[in-house]
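Take a look at the letters that make up each chain.
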Amino acid sequence: MQHAVQVDLIRRIFGFVEAGTRQMVAREAEIPVTQYLAPDRYRREVETCFRRYPLLVAHASQLRRPGDFVTHSLSGVPILLVRNGQGRLNAFINLCRHRGSTVEPAACGAGRRTFVCPYHAWTYDPDGRLIGIPDADGFAGVDKSVRGLVPLPVAERHGYVWVRPSPGEAFDIDDFLGPVGDDLGGFDVTDHVHYETRVIEARINWKLMVDTFLETYHFQFAHTKSVGPLFLPNAMTHEPFGRHARMLTPKRSMLDLKAADPRTWRIREHALVLYHVFPNTVVVYVADHAVVFATWPLALDRSRLDVSFYIPKPVSTPDEHAHWKANADIVCQALAEDFAIGESMQAGFGSGANRELVIGRYEMGIPPFHAHVDAELARNVA
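As the structure is a prediction and not an experimental result, all values here were calculated from the model.

### Comments concerning the sheet that holds strand S6 (residues 108-109)
Next up, step 1: An order of S5-S4-S3-S6 is seen for the 4 strands of this open sheet, with the pairing classed as antiparallel. Each edge of the open sheet is held by one strand with a lone partner, namely strand S5 (89-93) and S6.
Next up, step 2: Examined bridge by bridge, strand S4 (residues 79-83) and S5 share 5 bridges and lie antiparallel to one another. Looking across to S5, one finds that Ile-79 is bridged to Ile-93.

Listed below in C-alpha cells is the structure:
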C-alpha cells in the first residue's frame, strides 16, 4: 500500500472519530436464510466458486527450492504443487493416470526428483511427465507422452501461490487481483517464512465463516475477553475492488498519531489491514507479519478455516517461539468466540424464527460478498 493511501485512510478514521460517526452504507440489507441452508445452492457454490477461481493455497517459503512440493485437496480437487529443476512452479491434479489413485500422499516435502504412485509405482517427474511404468510390457500400447499428470493453472505473486483447480488456460493473476494486487505488492511477504497453520472446523456454512471477517460491529460484544479492547469500536472501513475488498480495523493507538508527523505514519502498526480475495480468503497484515485465513467448505453446514502465520524470519529461540505462539493464541481465541456464536446461528437457521438476516449499515462488507456469489451462480446455471 502506498504511503499516501495509508495517510488518507488514517485521516479518514480521524474524521469519523471527530464527527462521532463511522463509515456506513445508505441502507440496511437482507440475506435470505435459505442461502445458508439449500443443498442445491451449496453444490453449485462449490462447483463454481471453488473450481473456476484462482485460490490461494500456499506461500512462497513452502516452495522455494527445486524439488519442494506441497499438496492440497480442500477445494475438492487434489492438487500437487512442485518446483522443478529450472525453478518453475508447476501444479497438477494429484491423481495417477493409471487407475486414479493419489500420487503423493504427503502434505509437503523437499528435494523431490520423482513422484511415485503408491499403488503400482507409476512414476512422474516434477514437470508431470510419466517417466516409469513397472512391467511396461503390460502397457505396450500406452503413450507415456500423453499420460502425464494433468496440469492446473498456477501463479505466484507477492509471496503467495494461487491455483485454479480446473484444467485449462493460464490465468492473469494481476488481472484477477486488480487494485488489491498493488496493495499486496506494497506489503510483499515473499521473504517471510511459514510459522504455522492452525486448523479450525465449525458447524457452519462456508459463507457464514467468511461473513465473520467482513464486519467489526461484533468486536466490542463478542471479543471483550480477547481482541475487542484493542480496537476502536465499530470503526471498520470497507472499499470494494470488484469482487475483492480492502478493509481497515483501527486500533485505539491510531489516535496517538494525531500528534505525530504524517510522514512517520505506518498503518500496520495501528490497524489490521485486511483484504478479502474472492471467494474464500482473507489476508491480514499486522505490524510485523501476515496472517492468511482460508475458508473451505466441507459440507452444507460444516466448514474449515486454515489460519496461516507468515513471519519475517525463522524462529530461533524459545522467546521468539513464545512471542509468535502468543500472537497465534489470541487470534484463535477470538475465532473460537466467533464460531461458537456462528454455530448457534447455523443451528437456528432452520427454526423458522428468521426468514432473512438483517445486515446493518455498518456491516457493509457482507452484502457485496453475497451479491458476487449470487452473480457467479447466475452466470453458471446448472
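### Section: the side chain of His-276
Next up, step 1: With respect to the helices and strands, His-276 occurs in strand S15 (residues 271-277).
Next up, step 2: With relative accessibility at 3%, the residue His-276 sits in the buried group.
Next up, step 3: In this structure the side chain of His-276 is engaged in a polar contact, spanning 3.2 Å, whose partner is the backbone oxygen of Pro-279.
Next up, step 4: In this view, His-276 contacts Val-210, Leu-214, His-244, Ala-245, Met-247, Thr-281, Val-282 and Phe-369; residues no more than four positions away in its chain are not counted.

### Re the layout of surface pockets
Next up, step 1: Taken as a whole, the largest pocket holds about 590 Å³ of empty space.
Next up, step 2: Among the secondary structure elements, those contributing two or more residues to the lining of the largest pocket are S15, strand S17 (290-299) and helix H7 (318-348).
Next up, step 3: Here the element with the most residues in the lining of the largest pocket is H7; it accounts for 8 residues.
Next up, step 4: Grouping the constituent residues of the lining of the largest pocket by class yields 17 nonpolar, 7 polar and 4 charged.
Next up, step 5: When its volume is computed, the second largest pocket comes out at roughly 490 Å³.
Next up, step 6: If you go around the second largest pocket, you meet 26 residues; those closest to its centre are Val-57, Val-70, Thr-71, His-72 and Asp-306.
Next up, step 7: Broken down by secondary-structure element, the contributors of at least two residues to the lining of the second largest pocket are strand S2 (55-59), strand S3 (69-72), strand S12 (193-202), S17 and strand S18 (302-311).
Next up, step 8: A total of 4 residues in the lining of the second largest pocket trace back to one element, the largest contributor, which is S18.
Next up, step 9: Counted by class, the lining of the second largest pocket contains 15 nonpolar, 8 polar and 3 charged residues.

### Things to note about the side chain of His-59
Next up, step 1: Within the secondary structure, His-59 is located in strand S2.
Next up, step 2: Assessed through its relative accessible area of 0%, His-59 is described here as buried.
Next up, step 3: Here Ser-61 takes part through its side chain, which lies 2.8 Å from a polar atom of the side chain of His-59.
Next up, step 4: Within polar-contact distance, the side chain of His-59 engages the backbone oxygen of Gly-159 at 3.4 Å.
Next up, step 5: Residues in contact with His-59, not counting those within four places in the same chain, are Gly-159, Tyr-160, Val-161, Val-189, Thr-190, His-192, Val-193 and Tyr-310.

About the criteria used
- Residues numbered from 1 in each chain as written.
- Predicted model: local features only at pLDDT ≥ 70, side-chain atom pairs only at ≥ 80, totals over all residues.
- Heavy atoms only, no water.
- Pairing = 2+ DSSP bridges.
- Helix = DSSP H or I, 4+ residues; strand = E, 2+ residues; numbered from the N terminus.
- Buried < 20%, exposed > 50% of the residue type's maximum accessible area, 1.4 Å probe, protein only.
- Polar contact = N/O pair within 3.5 Å; in protein donor to acceptor, adjacent residues only side chain to side chain.
- Contact = heavy atoms within 4.5 Å.
- 1 Å grid on protein atoms, 1.4 Å probe; cavity = no way out; pocket = protein on both sides within 12 Å on 5 of 7 lines; lining within 4 Å.
- Points joined across faces, edges and corners; volume = space filled by probe spheres on them.
- Nonpolar A, V, L, I, M, F, W, Y, C, P; charged D, E, K, R; others polar.

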